[in-house]
Amino acid sequence: MAIAQPTAGVRPSRWQQMWKSVAIIFESRVATVGLAMVLFWLLIGFISLVWTPHEPNASDFIQNLPPNGTNWLGTDHLGRDITSRLMQGTQVILLKTRLPGDSEISIPGGVAIWGVIGSLVLGVTLGLNAGYRGGWWDQIIMQILDALIAFPRIVLYLVVIAALGQGDMVVILAITITGAPGVARLARSLAMDIKTRDYIRAAETRGESVRYIMFREILPNARGPLLVDAMLRVGYAIFAIGTLGFLGIGLPPPDPDWGNMVNEARRNIFSNQTAVIWPSLAIATLVIGLNLFADGLREELTRYQK
Amino acid sequence: MTGKQKKSPVLKVEDLAVAYKVRGGEIEAVQRVSFEINRGETYGIVGESGCGKSTVAWAIVNFLGANGYVKRGSIKFQGQELVGKSGEELRRLRGDQIAMVYQDPMQALNPSMRLGDQMKEVLTVHRGMADDEAAQHCIQMLERVYMPDAANVMRRYPHQISGGQQQRVVIAMALLNNPALLVMDEPTTALDVTVEAAVLDLIAELSRDFDTAIMYITHNLGVIARVSNRVGVMYAGEMVERGTVAKIYKNPRHPYTQGLMRCVPKLGADKAGSILHPIRGRVPPPTHRPAGCVFGPRCDYIQDKCREERPLLRDLDGIMVRCHFAEEIIASEWTPSEELALPQIEAVSSDSETILELNDLKKYYEVQGSSFKDVIGLGEKRYVKAVENANFTVAKGKTLGVVGESGCGKSTLIKTIIGLEGSTSGKATFMGFDISGDISGRDEALIQELQMVFQNPDSTMNPSYTVGQQIGRPMLRFGTVPKNQVRGEVIKLLESMRLGENYYDRLPRQLSGGEKQRVGIARALASRPNLVLCDEPVSALDVSVQAAILNLLLEVQQEFNTTLVFIAHDLSVVRFFSDEVAVMYLGQIMEIGPADAIYAPPYHPYTEALLSAVPIPDPTIQQKHIRLEGSVPSAINPPSGCRFHTRCPRRKLLPHGGKICETELPNWQITGDGHRIFCHIPAETLQTFDPVITVESD
């Protein structure tokens, strides 16, 4: 959210400046609505860390109940409370990643978030090298990435998961590898534009290293578009997690995962329709929220540039 | 004046105010502007950027955009009121009676349509003319604007003709419907000086022949002096002075006009005419205009009344001026105030050591052909010969000015010196070290001694870092200053750039163009270099700021004993500034020597043509009329022999019409102390040419 916020240097009225850069979100109605939707799910996720109406993984109720007073959204085919499961489902996506092994340790930041961070790091590094150095670097990096893009995504996911097995880290890796080519393309085009500016010439005439120019001179100015793109990618990543869950190769049970919930409820779709709808709706609103937010933000940011 | 019989003016603007609606309110970009234009008259509107010149033009043609509107006042065109007219009525009027010519011809022409089709459309749509007839008209009009091979041009696309020719097409298109009013918004600003001169001649001629009223907007006082009869000076959205060109240029009454005149270099007979006095401060943005006189905060004569009361436009010996004290201000008695004190130019002893030496330096770029042979690498290699045999030396503490039109290789020359490009052949030495390779092969200590100032103020600074960080970086990188003293050093540098300590934490977007350029200079100086290369450091700035930057560079040079290589396309800027001047054409240095020698005979024929093309903001100065034909040839296949022979107006002075120029390279003729001319015409003949610029004594 701190997109236009200047980084280094201590300036007076820092808070004011930060507020100013955050305030442009509210200039756009689209971005405000998107932000509200995202914040809603974040809030649900945080609440679920400390409280859910019922134990999410316990089969305490009658199977396939329609929504009622106790189970607000009904129960699933094992008699678990859908409300609680839906709430806890946000955790793996946005809030925590379980480390491999049987240990109960998890690190903050959900699978979707880490997956996008991974593709950003990999993609930006490759893209900046291709865009700034040009020539053979560009050719080789982009040919490899293009070859990667040529594979259907699902196939790539399957390859990664078939090779490494299930697990949160594996899903993160899968998202990283499929997301990196897109990020690299964007970073490359930004680098190719920015490298024509005079301040890059100035850095070159100072004899700065290529790494310094790429990461200290070019990257901070490519920040805006990259962050907006990252926000969209979080949406895609949530989608991907849903897809993997639906195929049964996503995040491992028993903790609830929206995609998996859809898959399981699908089998009982003729007796209990609502169980399919709730997790689908959750995925849709979160992804749409992120999309709206990113779109609105991009609009405002480009307007400010003019 | 335009005759005593009271003709009704073509355009009459009265008390015009234009406002733009923006977030949280509206901005009055233009206020209280009144003027009128008669038939056959060219009315100049001059002022710095952000003064509302273009907004006035847009208000007349109703192009204000979705958020702009005319707030007050009236615009009468041939007696008809334009304000409040519906869009459809205005649209018809615009196409038939009012035409507009913009700055960039490439953007005014549709790149995917043939020129002929674009031109014919004007006639077929507005006049319902048949296609053949329209084509005939267009060809006639193209011939009228001296377009060579007009019938052929009709079939071409915009990118196939040069910039000057494109602007001719746009002007021809504007004249097709024989409009009563032609609005020209900086039509020659994007063009080279020799092309500009030819287009200006054309405009002057057309306004005579077609009896069209022309409203000519420009920031260049010299251009106004050449084309227009009357002029209005705009400042911060108001018209502060208007009158005839002869009167205003001779005796400007408003302090702003006087200031403008002092800060444009005049290419007069003597060097003193090119001393520049900047106006302090900057044009206030429309949201922060002062109460009282808008020019007050920058005026040297400000009094209490100016702060409180808005002056009205009043008549003073035939000049309308918006100033309370215009009678009392005598421009000739003006002395620069303390803070604008000019740097004293001390002659650097001429026997100082040579710091930079180029011997036959060449820079060729390989061009990739498109044939199959080229693709597989068997085709004949072709080169753009960007710099050919550059030979010169620069002494320590001196300034070398390099002038020439765009595409003549000036920028490539300094890129090669600084090492952004490696040279193709030849030798370049700097302080005794070889610098013919590119920067990757250079020693850190050598890199530190060579720094550069860039042209575009908007891209010279990295938008993500503060001023202090950017100036401090070279100090840290080269270790010229211990880490804990960097801040102090940066502030010292900022102060010598006349920027205070409070600039340290600012981001580039909070600075004006001139301030950014100062920071750019400070950054170049931070590593304490011996040689600073300046790539058109002032050409993107307003004149009043330009003068300040030039004076600053001079001052800095004295303080640090820095050597400068200064690129410019404007001969008048270079004159005062440089000790030596090199004139380049198509990658070849044509003439080089002490600044005074360049601006007086003997001239190289190309220098002569350049000098006669520069617009001079003084109607009393007589300039020789030399116009180059055609455009600069391609550097891939430069003309054989002397590269200038295809356009040289002086060739015929040689036997057989200058046959030798086509076949043989000329020799360098040494005509005086360090002054060399690359021409076949004997120096004795060149010496007999009259000076290009003569001042009429009156």
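A quick note: this is a predicted structure, and the numbers were derived from the prediction, not measured.

Engineer: Report on the overall build of chain A, specifying residues and quantitative values.
Structural biologist: What chain A contains, in helices and strands, is 11 helices and 2 strands. For chain A, the spread of C-alpha atoms along the principal axes amounts to about 75 × 50 × 35 Å. Per-residue burial over chain A gives 51% buried out of 306 residues. Sequence-distant contacts, at least 24 apart, represent 63% of the contacts inside chain A between residues at least 6 apart. Total accessible area on chain A stands at roughly 14700 Å², and carbon and sulfur atoms take up 67% of it. If you average the places of the 25 positive and of the 22 negative side-chain charges in chain A, the two averages end up 8 Å apart.

Engineer: I'd like to hear about the overall build of chain B, residue by residue, with values.
Structural biologist: On a plain count of helices and strands, chain B comes out with 24 helices and 26 strands. Its C-alpha atoms give chain B a radius of gyration of 27 Å, within 12% of the compact-globule value 26 Å for 698 residues. Seen through its principal axes, chain B has C-alpha atoms that stretch 75 × 65 × 55 Å. Among the 698 residues that make up chain B, the fraction classed as buried is 56%.

Engineer: Describe the nonpolar core, with residues and values.
Structural biologist: Judged by nonpolar contacts, the single largest core of 134 residues is most densely connected at Phe-35 and Leu-181 of chain B. Of the residues forming this core, the biggest block, 8 residues, is contributed by helix H19 (residues 543–560) of chain B. Setting aside residues no more than four positions away along its own chain, Phe-35 of chain B makes contact with Leu-11, Lys-12, Val-13, Tyr-43, Ile-45, Val-56, Ile-60, Met-215, Met-239 and Arg-242 of chain B. Counting 70 residues, the second largest nonpolar core, distinct from the first, contains Ala-31, Leu-128, Ile-200 and Val-287 of chain A.

Engineer: Which residues make up the interface of chain B and chain A, and what are the values?
Structural biologist: Taken together, the contact pairs 26 residues of chain B with 25 residues of chain A. Where chain B packs against chain A, one counts 2 salt bridges. Linking chain B with chain A are 12 residue pairs in polar contact (both at pLDDT 80 or more), by the criterion used here. Mapped by element, the contributors of at least two residues to the side of chain B that touches chain A are strand S18 (450–453) and helix H16 (467–478) of chain B. Broken down by element, the side of chain B that touches chain A gets its largest block of residues, 5 residues, from H16 of chain B.

Engineer: Please provide a residue-by-residue account of the pairing of strand S9 (residues 230–235) of chain B, values included.
Structural biologist: All names here are of chain B. The element S9 is largely enclosed, with a buried count of 6 among its 6 residues. Alternating positions in S9 separate into two faces, Arg-230, Gly-232 and Met-234 on one and Val-231, Val-233 and Tyr-235 on the other, with burial throughout. Alignment of strand S3 (residues 42–46) against S9, held across 4 bridges, turns out to be parallel. Bridging from a neighbouring strand, Tyr-43 pairs with Arg-230 of S9. In this sheet, strand S10 (residues 238–244) lies alongside S9 in antiparallel orientation, the contact comprising 6 bridges. Note that in S10 the partner of Val-231 across the bridge is Gly-243. Linkage of S9 to S10, two consecutive antiparallel strands, is achieved through a turn of 2 residues, within which Ala-236 is found at a positive phi near 50°.

Engineer: Break down the packing of H16 of chain B against helix H17 (residues 486–496) of chain B for me, with residues and values.
Structural biologist: All names here are of chain B. Between H16 and H17, the shortest axis-to-axis distance is 9 Å and the interhelical angle comes to 115°. Here H16 is positioned roughly perpendicular relative to H17, judged by the angle of their axes. H17 is crossed by H16, and the crossing has right-handed handedness. Contacts between H16 and H17 pair Val-467, Gly-468, Ile-471, Gly-472, Met-475 and Leu-476 from the former with Val-486, Glu-489, Val-490, Leu-493 and Leu-494 from the latter. Here the contact of H16 with H17 is composed, by residue class, of 8 nonpolar, 2 polar and 1 charged.

Engineer: Explain the pattern of salt bridges residue by residue, including any values.
Structural biologist: Between side chains of opposite charge, a pair can form when the charged atoms approach closely. Residue and element names in this part refer to chain A. Tallied over the full model, the rule gives 39 salt bridges over all chains. Across the pair Glu-264 and Arg-80 runs a salt bridge whose closest N-O atoms are separated by 3.6 Å. Pair noted here: Glu-264 is in helix H10 (residues 258–266) and Arg-80 is in the loop between helix H2 (29–50) and helix H3 (82–95), with a separation of 184 residues, a long-range link. For Glu-264, a relative accessible area of 18% translates into the label buried. Of the residues examined, Arg-80 reaches a relative accessible area of 9% and is grouped as buried.

Engineer: Please give an account of the environment of Val-101 of chain B that cites residues and values.
Structural biologist: Residue and element names in this part refer to chain B. Summarising the element assignment, Val-101 is placed in strand S6 (residues 98–101). Through-space distance from the C-alpha of Val-101 to that of Gly-587 is 32 Å; in sequence the pair is 486 residues apart. Once residues lying within four places of it in the same chain are set aside, the contact partners of Val-101 are Gln-167, Val-170, Ile-171, Ala-174, Leu-182, Val-183, Met-184, Asp-185 and Pro-187.

Engineer: Break down the sheet that holds strand S7 (residues 181–185) of chain B for me, citing the residues and quoting the values.
Structural biologist: To summarise the sheet geometry, strands pair through backbone hydrogen bonds and adopt either a parallel or an antiparallel arrangement. Residue and element names in this part refer to chain B. Ordered by their spatial adjacency, 8 strands build an open sheet running S6-S7-S8-S3-S9-S10-S12-S11, and the pairing between neighbours is mixed. Bordering the open sheet on either side are S6 and strand S11 (314–316), each of which pairs with just one other strand. Here the strands of the sheet are splayed against their neighbours by 20° on average, with no regard to which way each runs. Contacting S6 and S7, helix H7 (residues 163–175) runs over the sheet at an angle of about 175° to S6. The sheet contacts of helix H8 (residues 193–210) involve S3, S7 and strand S8 (213–218), and relative to S8 the element is tilted by about 155°.

Engineer: Could you give an account of H16 of chain B, with specific residues and numbers?
Structural biologist: All names here are of chain B. The element H16 is extensively covered by neighbouring structure, given that 9 of its 12 residues are classed as buried. Turning to H16, its buried residues are Val-467, Gly-468, Gln-470, Ile-471, Gly-472, Pro-474, Met-475, Arg-477 and Phe-478. In this structure, the buried side of H16 is in contact with helix H15 (444–449), S18, H17 and helix H18 (513–525). Gly-479 occupies a position one or two residues after H16 and carries a positive phi of about 65°.

Engineer: Break down a nonpolar patch on the surface for me, citing the residues and quoting the values.
Structural biologist: Taken together, the side chains of Leu-43, Phe-46, Ile-47, Leu-49, Val-50, Trp-51 and Trp-72 of chain A define a hydrophobic patch exposed on the protein surface, amounting to about 790 Å² of accessible area. Examined against the element boundaries, Phe-46 of chain A turns out to sit in helix H2.

Engineer: Tell me about the sheet that holds strand S2 (residues 25–37) of chain B, and please be specific about residues and values.
Structural biologist: Residues and elements named next belong to chain B. Taking strand neighbours across the sheet as the criterion, the 4 strands line up as S2-S1-S4-S5 in an open arrangement whose pairing is antiparallel. A strand with exactly one partner marks an edge of an open sheet, and here the two such strands are S2 and strand S5 (80–81). As judged from the 8 bridges shared by strand S1 (residues 11–22) and strand S4 (residues 68–77), these two strands associate in the antiparallel manner. In the sheet register, Ala-19 faces S4, and the bridge partner there is Tyr-69. On top of the sheet, helix H1 (residues 53–61) reaches S1, S2 and S4; it is set at about 105° to S1, its chief contact.

Engineer: Residue-level account of the side chain of Gln-258 of chain B, with values.
Structural biologist: Along the chain, the position of Gln-258 of chain B falls in helix H11 (residues 255–263). Of note is the side chain of Gln-258 of chain B, whose polar atom sits 2.9 Å from the backbone oxygen of Pro-252 of chain B.

Engineer: Could you give an account of the confidence of the model for chain A, naming the residues involved and the relevant values?
Structural biologist: Residue and element names in this part refer to chain A. Mean pLDDT for chain A: 86, with 94% of residues reaching 70 or above. Confidence scores differ between elements of chain A, with helix H1 (residues 14–23) showing the lowest mean pLDDT of 77 and helix H4 (residues 111–133) the highest of 94. Of the regions scoring below 50 in pLDDT, residues 1–12 engages in 30 contacts with residues more than four places distant in sequence or in other chains.

Engineer: Go over the environment of Glu-536 of chain B with me, naming the residues and quoting the values.
Structural biologist: Residue and element names in this part refer to chain B. Residue position: Glu-536 is located in the loop between strand S19 (531–535) and H19. Among the residues examined, Glu-536 registers a relative accessible area of 9% and is labelled buried. Distance from Glu-536 to Ala-395, taken between C-alpha atoms, is 21 Å for residues 141 residues apart in sequence. Dropping the residues within four chain positions of it, Glu-536 is found in contact with Lys-410, Gln-455, Ile-567, Ala-568 and His-569.

Engineer: Which residues make up the pairing of strand S25 (residues 675–678) of chain B, and what values do they have?
Structural biologist: All names here are of chain B. The alternating pattern of S25 places His-675 and Ile-677 on one face and Arg-676 and Phe-678 on the opposite face, and all of these are buried. Summarising the sheet, strand S22 (residues 588–594) and S25 pair through 2 bridges and their orientation is antiparallel. Of the residues in S25, the one forming a bridge with Ile-592 is Arg-676. Here 4 bridges tie strand S24 (residues 668–672) to S25, and the two strands are oriented antiparallel to one another. Along S25, the bridge assignment pairs Trp-668 with Phe-678.

Engineer: Any details on the packing of H3 of chain A against H4 of chain A? Residues and values, ideally.
Structural biologist: All names here are of chain A. Between H3 and H4, the least distance of the axes is 4 Å, while the angle of their chain directions is 15°. It follows from the interaxial angle that H3 and H4 lie roughly parallel. Across the interface between the two elements, Val-92, Ile-93 and Leu-94 from H3 touch Val-111, Ala-112 and Ile-113 from H4. Residues belonging to the contact of H3 with H4 are distributed by class as follows: 6 nonpolar, no polar and no charged.

Calculation rules
- Just so you know, the residues in each chain are numbered from 1, in the order the chain's sequence is written.
- Each chain gets a letter, beginning with A, and each ligand a number, beginning with 1, in the order they are written.
- In view of the model being predicted, local features appear only for residues whose pLDDT reaches at least 70, and side-chain atom pairs are presented and counted only at 80 or more, with totals across whole chains, interfaces and linings using the full set of residues.
- Heavy atoms throughout the structure, all of them, feed into the side-chain values; hydrogens and water do not.
- For the purposes of this entry, the term helix denotes a DSSP run of H or I that reaches at least four residues, the term strand denotes a run of E that reaches at least two, and both are numbered from the N terminus.
- Throughout, exposure labels follow a simple rule: accessible area from a 1.4 Å probe, protein chains only, divided by the maximum for the residue type, with under 20% read as buried, over 50% as exposed, and the rest as partly exposed.
- Only heavy atoms matter for contacts: two residues are in contact if any of them lie within 4.5 Å across the pair.
- All accessibility values rest on the Shrake-Rupley procedure with a 1.4 Å probe; residue burial counts only the protein chains present in the view.
- When charges are tallied, Lys and Arg are placed among the positive residues and Asp and Glu among the negative ones, while His and the ends of the chain are skipped.
- One atom stands in for each charge, and that atom is NZ of Lys, CZ of Arg, CG of Asp or CD of Glu.
- For the radius of gyration, the atoms used are the C-alpha atoms, and the globule rule reads 2.2 Å times the number of residues raised to 0.38.
- Only buried Ala, Val, Leu, Ile, Met, Phe, Trp, Tyr and Cys residues count toward a nonpolar core, and they belong to the same one when joined by side-chain atoms within 4.5 Å.
- Criterion for a salt bridge: a side-chain nitrogen of Lys or Arg within 4 Å of a carboxyl oxygen of Asp or Glu.
- Polar contact is the term for a pair of N or O atoms within 3.5 Å; when the atoms are in protein, one must be able to donate a hydrogen and the other to accept it, and sequence-neighboring residues count only if both atoms are side-chain atoms.
- DSSP calls a pair of strands paired once it identifies at least 2 bridges connecting them.
- Comment: axis = line fitted to C-alpha atoms, over the contacting stretch for helices; angle = value between 0 and 180 degrees taken between N-to-C directions.
- Roughly parallel means an angle under 35 degrees; roughly antiparallel means over 145; roughly perpendicular covers 65 to 115; every other angle is labelled oblique.
- It is the rotation of the near helix from the far one that decides the hand of a crossing: anticlockwise by less than a right angle makes it left-handed, clockwise makes it right-handed.
- Each residue gets one label: Ala, Val, Leu, Ile, Met, Phe, Trp, Tyr, Cys and Pro are nonpolar, Asp, Glu, Lys and Arg are charged, and the others, such as Gly, are polar.
- Any residue with relative accessible area above 30% and no salt bridge may belong to a patch, with like charges joined within 9 Å and the nonpolar Val, Leu, Ile, Met, Phe, Trp and Tyr side chains within 5 Å.
- Per-residue confidence from the predictor is reported as pLDDT, a score between 0 and 100.

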